[in-house]
Each structure stands twice: as structure tokens, then as C-alpha cells.
Amino acid sequence: MLCRMHLAPFASSSLASRLGTVRTLWPHAETIFTELQQEMEKAREFMSSFEQLLSNHGAMAMEHSPSSSMSLSHSSGDSFSVCQDVKNFAPEELSVKVVGRKVVLVGQKETQNVDEKGSFSYKYEVLKREWDVPEEVDAEALTCSLSKDGQLLIEAPKLALPAAPERSVPIQVSSAAPLTGPASENGATKAQV
């Protein structure tokens, strides 16, 4: 166990003046902490460069490799549509559900391979995507179609608002003076009924 006396330089003791130069097995505390600080700085620089390398490599991989999770969604004035690349999945491995105001796409695929040496490999892929359906879109009329090149198109039309029937609005006559409104503030003449 190290104590304060071990970490203090030997020259500060009263024996140092009588014995002369004496070598100890304990290094000076300043030397230990300086070396430790230098090692930590080297490790920090290495971690920073490694993190930068990983982030650059990940960005390049995303640019150069086609992804099965690319999607294009758009909500135009009259409909809602999403196009999702699902070419790695068979139609029976896909499911589309409407949960509240969300569209949820789930794809699950299992692959098992055995080579000539008897080695066994197992791969499980999952694709899950969610999109918010705007309030003005009819989620009940949502449709899905899968193209031959593996593009899943999810569409829903805009809600058709019912036409308001014609009705007469009665005019109520009151004995009090009308309240000042925007028309009267602009200099329009006030009329009392």
C-alpha cells in the first residue's frame, strides 16, 4: 500500500543530508502522473481517430451500397403514398397494418444454409417501418401493391368531406347597439337596428 511518505521525494527527508544520494524503489509522484497523463492523451487521440475512421467508413458504405430500407413518401393535395424497397423479401414475408393513425410495415426473413462440409449458417432479417398518416387522409381506404422489381407502394386517398346542404341562416334583431367589429374600425359607418 502506498502512503504519502512513499510518494514524497527522498530528498525532502532529514536522512538525505546524512546519507547522500540514495536510490529508492518508489518513483516520484510527478513522474508517474505525467506519464499517466501522456498515455491517456495518446489513448484519447487514438479513440478520436478511430471514431472518425468509423464514421467516414459508415458514411461511404451508406453512399455506395444499395439499401433495402430506402423509402419515398409524399403527401400531395389529394392523397398519401409511400414507396418502400422490399426486394429482399417475398410477399408472404411482409405485413402492412394500420394502427391508429400510423401505417406499420414489417418484413421478416429467415435463411438457413448448409455447405458441403456440414457447416450451418442462419440469417434472420427484420425490416420495420412506420409512417404517420395525416388527419386529412382516409386510413380506412389504404391500399398496398407490390411491383415485380420489389417496390411496395402504400396509398390512401384524401378524406372526402361531405357537401354541406344548403340552409338559411336567420337574422336576429337585437335592441342593443352592435358591437364594434373589424368593419367599423376601418371607418365604415355604424348602423343601429
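Above this text is the structure in question.
Fair warning: this is a prediction, and the values are worked out from it, not measured in the lab.

A. Structural view of the sheet that holds strand β3 (residues 94-99). The 3 strands lie next to each other as β3-β4-β5, forming an open sheet whose pairing is antiparallel. A single partner strand is all that each edge strand has here, and the edge strands are β3 and β5 (120-132). Strand-to-strand twist in this sheet, taken as the mean axis angle between neighbours without regard to direction, amounts to 15°. Across 13 bridges, strand β4 (residues 102-114) lies against β5 in antiparallel orientation. Looking across to β5, one finds that Gln108 is bridged to Val126.

B. The pairing of strand β7 (residues 151-157), seen in detail. By the alternation rule, side chains of β7 split into Leu152, Ile154 and Ala156, which are all buried, and Gln151, Leu153, Glu155 and Pro157, of which none is buried. The pairing of strand β2 (residues 79-85) with β7 spans 7 bridges and is classified as antiparallel. Directly across from Ser81, in β7, lies its bridge partner Glu155.

C. Summary view of the environment of Val133. When you line up the elements, Val133 lands in the loop between β5 and β6 (143-146). For the pair formed by Val133 and Val99, sequence separation is 34 residues and the distance between their alpha carbons is 9.9 Å.

D. Representation of the environment of Leu161. One can find Leu161 in the loop between β7 and α4 (182-185). For the pair Leu161 and Glu136, spaced 25 residues apart in sequence, the C-alpha to C-alpha distance is 9.4 Å.

E. Inspection of the pattern of salt bridges at higher detail. Here the structure, examined in full by the defined rule, presents 7 salt bridges. Across the salt bridge formed by Arg101 and Glu135, the nearest N and O atoms sit 3.9 Å from each other. Linking Arg101 in the loop between β3 and β4 with Glu135 in the loop between β5 and β6, this pair joins segments that are 34 residues apart in sequence. In this structure Glu135 comes out as exposed when scored by relative accessible area, which is 60%. Residue Asp132 is joined to Lys102 by a salt bridge in which the shortest nitrogen-to-oxygen separation is 2.7 Å. Here Asp132, found in strand β5, pairs with Lys102, found in strand β4; they are 30 residues apart in sequence, far enough to count as distant. When its relative accessible area of 55% is taken as the criterion, Asp132 is described as exposed.

F. Molecular detail of the environment of Lys97. Looking at where Lys97 falls in the secondary structure, it is placed in strand β3. Owing to a relative accessible area of 52%, Lys97 belongs among the exposed residues under this scheme. For Lys97, the residues in contact, after removing those within four places along its chain, are Lys102, Val103 and Val104.

G. Layout of the pairing of β6. In the sheet, β6 pairs with β7 via 4 bridges, with the strands oriented antiparallel. Within the sheet, the bridge partner assigned to Thr143 lies in β7 and is Glu155.

The rules we used
Starting from 1, residues in each chain are numbered consecutively following that chain's sequence as written. Under the rules for a predicted model, residues below a pLDDT of 70 receive no local features and side-chain atom pairs below 80 are neither given nor counted, while totals for whole chains, interfaces and linings still include all residues. To obtain the side-chain values, all non-hydrogen atoms of the structure were used and water was disregarded. Strands qualify as paired when DSSP identifies two bridges or more between them. Here a strand is any run of E in DSSP of at least two residues, a helix any run of H or I of at least four, and the numbering for each starts at the N terminus. In this analysis, axes come from line fits to C-alpha atoms, helices being fitted only over the stretch in contact, and the angle between any two N-to-C directions falls in the range 0 to 180 degrees. Summary of the burial criterion: residues with accessible area below 20% of their type's maximum are buried, those above 50% are exposed, and those between are partly exposed, where the area comes from a 1.4 Å probe applied to protein chains only. By definition, a salt bridge exists where a carboxyl oxygen of Asp or Glu is found within 4 Å of a side-chain nitrogen of Lys or Arg. When checking whether two residues touch, look at their non-hydrogen atoms; a contact exists if any pair is within 4.5 Å.

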